[in-house]
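A structural walkthrough
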Amino acid sequence: MAATEERGGIPEMVNFSEIARRVTDRGLVSRPITRQGVMHIAKTDPDWPIPREQWQKIGNALAVPWLPVERFFSERNRRGRGPAKPSEQSKSPDSE
């Protein structure tokens, strides 16, 4: 039985610190990421799956559903916080 089904259809909510821990532990990012790094991605990446108006305030933390975030990091081509950089192989000798 899926975790969401066990909770009666309620999605598992996680804060940004927990997202950072999970994506680092599961190897979904190329190097460890912090809560601030996840927050930066959430605020600047147009592909972030949960619109800001749907973030929920729980105590002093903001929380979002885990499954769309996990899918986002699993399918994300860019790694790190900035824009994707061209690989050394894709650079042509004429481009320098």
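The structure under discussion appears in the preceding block.
The text that follows walks through the structure, step by step, so that each part is easy to find. It should be emphasised that the depicted structure is a prediction, and the values quoted were computed from it without experimental measurement.

In terms of regular secondary structure, the protein chain is built from four helices and three strands. The order of helices and strands in the protein chain, counted from the N terminus, is α-β-α-α-β-β-α. Considering the protein chain as a whole, with its 96 residues, one finds that 28% of them fall into the buried category. Partitioning the contacts of the protein chain with sequence separation of at least 6, the portion at a separation of at least 24 is 54%.

Take the environment of Arg52 next. Along the chain, Arg52 falls in the loop between helix 3 (35-44) and strand 2 (56-58). Note: C-alpha distance between Arg52 and Val64 (twelve residues apart in sequence) is 9.3 Å.

Attention now goes to the environment of Pro11. Of note, Pro11 is situated in the loop between helix 1 (3-6) and strand 1 (13-15). In sequence terms Pro11 and Trp66 are 55 residues apart; their C-alpha atoms lie 7.4 Å from each other.

Moving on to helix 4 (residues 66-75). For helix 4, the full list of buried residues reads Trp66, Val69, Phe72 and Phe73. Along the axis of helix 4, the buried positions cluster into a sector of 125°, meaning they face one direction only. The secondary structure elements touched by the buried residues of helix 4 are strand 1, helix 2 (16-25), helix 3 and strand 3 (61-65).

What counts, and at which threshold
Every chain begins its residue count from 1, and numbering advances along the sequence as written. It should be noted that, the model being predicted, local features are given only for residues of pLDDT at least 70 and side-chain atom pairs only at 80 or more, the latter also being counted only at that level, while totals for whole chains, interfaces and linings use all residues. Side-chain numbers here rest on the full set of heavy atoms in the structure, without hydrogens or water. Every helix listed is a DSSP run of H or I at least four residues long, and every strand listed is a run of E at least two residues long, numbered separately from the N terminus. Relative accessibility under 20% of the residue-type maximum defines a buried residue, over 50% an exposed one, and the middle range a partly exposed one, all with a 1.4 Å probe and only protein chains included. Here, residues are in contact when the closest pair of their heavy atoms is within 4.5 Å. Think of it as the arc spanned by the lines of direction from the helix axis to the C-beta atoms.

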